[in-house]
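Structural features, examined
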Amino acid sequence: MAKIVEGISRTFNEFLLLPNLTTEECIPNNVSLKTPLVKFKKGEEPKYSANIPMVSAIMQSVSGEEMGIALAREGGVAFIYGAQSIESQANMVRHVKKHKAGFVVSDSNVKSETPLRDVIELTKKTGHSTVMITEDGTENGKFLGLVTDKDYRISRDDLNAPIDNYMTPKEKVIWAEEGITLVEANDIIWEKKKECLPILTKEGNLKYLVFRKDYEERKNNPNSLLDENKRYIVGAGINTRDYKERIPALVEAGVDLVCMDSSDGYSVWQKNTIDYVRKTYGDSVKIGAGNVVDREGFRYLAEAGADFIKVGVGGGSICITRETKGIGRGQASALIDVVAARDEYFKETGIYIPVCSDGGIVHDHHITIALALGADFVMMGRYFARFDESPTRVLKIGNNYVKEYWGEGSNRARNWQRYDMGGEKNKLSFEEGVDSYIPYAGPLKDNLNVTVTKIKSTMCNCGAITIKELHEKARLTLVSNVSIAEGSAHDVMLKEVDKNYNMVVIRRNITIIRRINILIRRRFVNTFYISNFNNRHITMIITFHNSTSNFNPRIISKILSIIALTQKANNNRLGIRTNNHVTSQNKLIILQI
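One structure accompanies this document, and this report is about it.

How each quantity is defined
- Residues numbered from 1 in each chain as written.
- Predicted model: local features only at pLDDT ≥ 70, side-chain atom pairs only at ≥ 80, totals over all residues.
- Heavy atoms only, no water.
- Helix = DSSP H or I, 4+ residues; strand = E, 2+ residues; numbered from the N terminus.
- Buried < 20%, exposed > 50% of the residue type's maximum accessible area, 1.4 Å probe, protein only.
- Phe/Tyr/Trp six-rings, centres within 6.5 Å; stacked < 30°, edge-to-face > 60°.
- Lys NZ or Arg CZ within 6 Å of the ring centre and 35° of its normal.
- Pairing = 2+ DSSP bridges.
- Axes fitted to C-alpha atoms, helices over the stretch in contact; angles between N-to-C directions.
- Contact = heavy atoms within 4.5 Å.
- Core = buried A, V, L, I, M, F, W, Y, C linked by side-chain atoms within 4.5 Å.
- Salt bridge = Lys/Arg side-chain N within 4 Å of Asp/Glu carboxyl O.
- Expected span 1.5 Å × (residues − 1).
- Arc of directions from axis to C-beta.
- Left-handed = near helix turned anticlockwise from the far one by under 90°.
- Polar contact = N/O pair within 3.5 Å; in protein donor to acceptor, adjacent residues only side chain to side chain.

1. Focus: the overall build of the protein chain
A tally of helices and strands in the protein chain yields 17 helices and 28 strands. For the protein chain, buried positions account for 49% of its 593 residues.

2. As for the packing of aromatic side chains
The geometry of two aromatic rings is summed up by the distance between their centres and the angle between their planes. Overall, the coordinates contain 11 aromatic pairs when judged by the stated rule. Ring centres 5.0 Å apart and planes at 85° place the aromatic pair Tyr-383 and Phe-384 in the edge-to-face group. Assigned by exposure class, Tyr-383 and Phe-384 land together as buried. Feature note: the residues Phe-40, Phe-346 and Tyr-352 constitute an aromatic cluster, connected by ring pairs. The aromatic ring of Trp-190 is capped on one face by Arg-212, whose charged end is 4.3 Å from the ring centroid. When the ring centre of Tyr-383 is taken as reference, the NZ or CZ atom of Arg-386 above it lies at 4.8 Å.

3. Some details on the pairing of strand 13 (residues 206-211)
Where strand 12 (residues 196-200) lies against strand 13, five bridges are found, and the strand directions are antiparallel. From the neighbouring strand, Leu-200 faces strand 13, where its bridge partner is Leu-206. In this structure, the hairpin formed by strand 12 and strand 13 is closed by a connection of five residues, where Gly-204 is found at a positive phi of approximately 90°.

4. Notes on the sheet that holds strand 17 (residues 308-311)
The strand order around the closed barrel formed by eight strands is 5-6-14-15-16-17-19-20, and the pairing between neighbours is parallel. Strand after strand, the sheet turns through a mean of 30° between neighbouring axes, direction not considered. Bridging between strand 17 and strand 19 (residues 355-358) involves three bridges; their strand directions are parallel. Following the sheet pairing, Lys-310 is matched in strand 19 by Cys-356. Strand contacts of helix 1 (residues 65-73): strand 5 (54-56) and strand 6 (77-80), with the helix running at about 165° to strand 6, the strand carrying the most contacts. Where helix 11 (residues 364-372) meets the sheet, its contacts fall on strand 5, strand 19 and strand 20 (377-380), and the angle it forms with strand 20 comes to roughly 140°.

5. Structural notes on the nonpolar core
Counting 104 residues, the largest nonpolar core has Leu-37, Met-54, Phe-79, Phe-298, Phe-384 and Leu-448 as the members making the most contacts within it. Broken down by element, this core gets its largest block of residues, seven residues, from helix 10 (residues 331-349). Those residues in contact with Met-54, other than ones at most four positions away along the chain, are Leu-71, Gly-76, Val-77, Ile-367, Phe-377, Val-378, Met-380, Phe-384, Leu-448, Thr-451, Val-452 and Ile-455. Counting residues in hydrophobic clusters, the runner-up holds 13 residues, among them Val-110, Ile-120, Leu-122 and Ile-163.

6. Remarks on the sheet that holds strand 12
The strands making up a sheet associate through backbone hydrogen bonding, with each pair oriented either parallel or antiparallel. Pairing is mixed in the open sheet, where three strands are placed in the order 11-12-13. Bordering the open sheet on either side are strand 11 (176-177) and strand 13, each of which pairs with just one other strand. In the sheet, strand 11 pairs with strand 12 via two bridges, with the strands oriented parallel. Within the sheet, the bridge partner assigned to Ala-176 lies in strand 12 and is Ile-199. Sheet strands touched by helix 4 (residues 182-192): strand 11, strand 12 and strand 13. Its angle to strand 13, the strand with the most contacts, is close to 65°.

7. A closer look at unusual backbone geometry
In this model, Gly-290 is joined to Asn-291 through a cis peptide bond whose omega is 15°. Positive phi outside glycine occurs at Glu-113, with the angle close to 75°. If you trace the backbone, Glu-113 turns up in the loop between strand 7 (109-111) and helix 3 (116-126). A relative accessible area of 54% places Glu-113 in the exposed class.

8. Brief notes about the pattern of salt bridges
A complete count under the given rule lists 26 salt bridges for this structure. Where Arg-342 meets Asp-343, a salt bridge forms, and the shortest distance between an N and an O atom there is 3.1 Å. Under the relative-accessibility criterion, Arg-342 is labelled buried at 2%. The exposure class of Asp-343 is partly exposed, given its relative accessible area of 31%.

9. Here's the deal with helix 2 (residues 86-99)
Quick reminder: α-helices carry 3.6 residues per turn. Residues three or four places apart thus point the same way. Here helix 2 spans 20 Å end to end across 14 residues, near enough to the 20 Å set by a 1.5 Å rise per residue. What helix 2 keeps buried is the set Gln-89, Ala-90, Met-92, Val-93, Val-96 and Lys-97. In a view along the axis of helix 2, the buried residues occupy a sector of 155°, so they form one face of it. Close packing links the buried residues of helix 2 with helix 1, strand 6, strand 14 (235-238) and helix 6 (243-253).

10. A look at the packing of helix 1 against helix 2
The interhelical angle for the contact between helix 1 and helix 2, taken along N-to-C directions, is 35°, at an axis separation of 9 Å. Considering the relative orientation of helix 1 and helix 2, their crossing is right-handed. Across from Glu-65, Gly-68, Ile-69 and Arg-73 in helix 1, the residues of helix 2 making contact are Met-92, His-95, Val-96 and His-99.

11. Re the environment of Asn-30
Position of Asn-30 relative to the elements: it lies in the loop between strand 1 (15-17) and strand 2 (35-36). Residues Asn-30 and Thr-466, 436 residues apart in the sequence, show an inter-C-alpha distance of 8.9 Å. Once residues lying within four places of it in the same chain are set aside, the contact partners of Asn-30 are Glu-25 and Ile-465. In terms of polar contacts, Asn-30 uses its side chain to reach the backbone carbonyl oxygen of Glu-25, at 2.9 Å.

Shown next, in the form of structure tokens:
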């Protein structure tokens with residue numbers, strides 16, 4: 001007989017935090033959101049930590065190189081999507097790593113006598129405007145000089161002329177000797193008003209470059225997440241099919257973290273992938289695993305050697321895994337179970353494995369709820385897909401600006417590896433995701449700053465100034481539908497309805513659902529099922545008992561009046577379409593509002 005897990009499957013929206021004592025030190029400026037990204041032993045520090053507890057999802061419509069740069073700049077990590085060629089993904093990782101650094105190994109180098117034409121082609125390939133000239137054309141050859149795009153004019157100069165005619169020779173270049181600190185190098189750049197400072201060995205060979213733009217970027221973004229070489233930290237998604245080819249290419253490109261992208265991580269395929277990483281790279285390559293929803297799944301991946309573990313199946317806004325396969329778990333319940341397993345594992349082994357909550361985030365406060373329930377960081381798709389830095393287009397639909405957002409299990413993405421069960425290759429048998437639009441929100445930085453401020457403020461209300469403290473001090477309570485409604489604006493007429501139209505419609509839909517729930521509790525209605533619920537429309541399938549003793553035609557009128565009254569409160573902005581069907585057991589009404 002099947003085992004039935006006790007308790008209801010809960011979501012983040014069913015919880016509220018209770019305030020704790022707020023002391024003098026509990027102010028947002030004192031709050032640290034630093035959190036571990038990979039496992040570590042008791043008393044030690046993790047190799048990688050994030051400055052904010054947020055990473056972007058491994059999705060085509062979310063995490064490209066622009067997201068990698070923008071999110072690392074704010075202290076988080078983007079996981080470059082893996083549903084693309086190995087070469088393309090590796091190039092994205094490489095671009096993020098080379099966007100900013102302290103001491104940079106030059107990747108734009110040519111020999112003396114190289115034609116100007118070849119130098120121009122090199123700058124197009126690398127995206128860098130400064131090229132080093134060395135004796136052998138390598139990054140560590142004898143330094144002869146440098147050339148920038150300000151030293152020649154493509155429209156007038158002879159493209160076949162040697163680069164020596166345009167370069168600034170070593171004798172006229174401001175350079176420094178190896179051993180200089182980054183601070184001293186930046187001082188020279190500013191004093192001499194240079195954009196680039198070559199660092200040479202005692203023998204005169206090129207060693208590194210230091211750029212002015214990197215200094216300025218660091219000063220403007222003090223929360224940036226950097227590696228030991230002052231480069232942005234970036235992750236990448238992998239699958240359990242081509243990992244033996246993909247991982248080496250990503251490592252060569254400089255990736256910091258890899259994470260298996262799968263709808264179900266409780267599988268031998270993930271263990272096999274981790275085994276390969278440990279055998280090939282030892283502990284030098286950090287790998288995340290998942291997704292799981294219970295302590296058994298966590299324990300399996302922990303013992304396999306995962307560096308962090310993701311939690312959540314079917315909770316994403318574009319995910320229909322639960323609907324199509326009937327498998328998954330409410331995100332809050334899954335997280336509570338896995339966090340307990342993590343703490344138990346830590347007590348037994350002294351090894352702390354960070355837990356990433358992936359999915360189920362609808363509102364900003366859900367991030368704080370997830371952290372309070374024990375997550376070390378959250379992975380989000382819809383949240384980041386709204387911003388300029390996501391790879392998708394901004395479109396105008398009606399009077400609204402939107403961005404495209406699709407699931408990896410949709411026909412559009414066709415990321416069959418993510419849902420692979422070891423069967424036929426290169427085949428997506430059925431969809432587990434949808435193709436959709438989401439409201440366009442502008443630049444990441446502005447929106448993320450608001451979210452981070454909310455998290456810090458809530459943590460202060462809970463008497464915590466670190467995420468670890470929040471884990472220990474947080475107190476939560478379950479809430480009813482009435483409590484949820486009470487927590488929003490109610491019993492007032494909102495101003496500027498047009499500007500807040502989507503929010504008004506969402507509240508209207510929630511009100512309808514809540515009132516029909518009351519009819520179910522009074523046994524007037526058998527069941528109702530929501531097949532679609534978004535900013536504009538809600539489609540409900542409602543069934544009524546067909547027996548004369550239970551079915552009362554007036555209930556249909558009651559439901560329609562509920563909707564009509566709610567519509568009236570919102571200026572009758574939307575219409576109602578009703579379809580009635582009769583089955584052998586139930587009367588069925590389909591409402592599209």
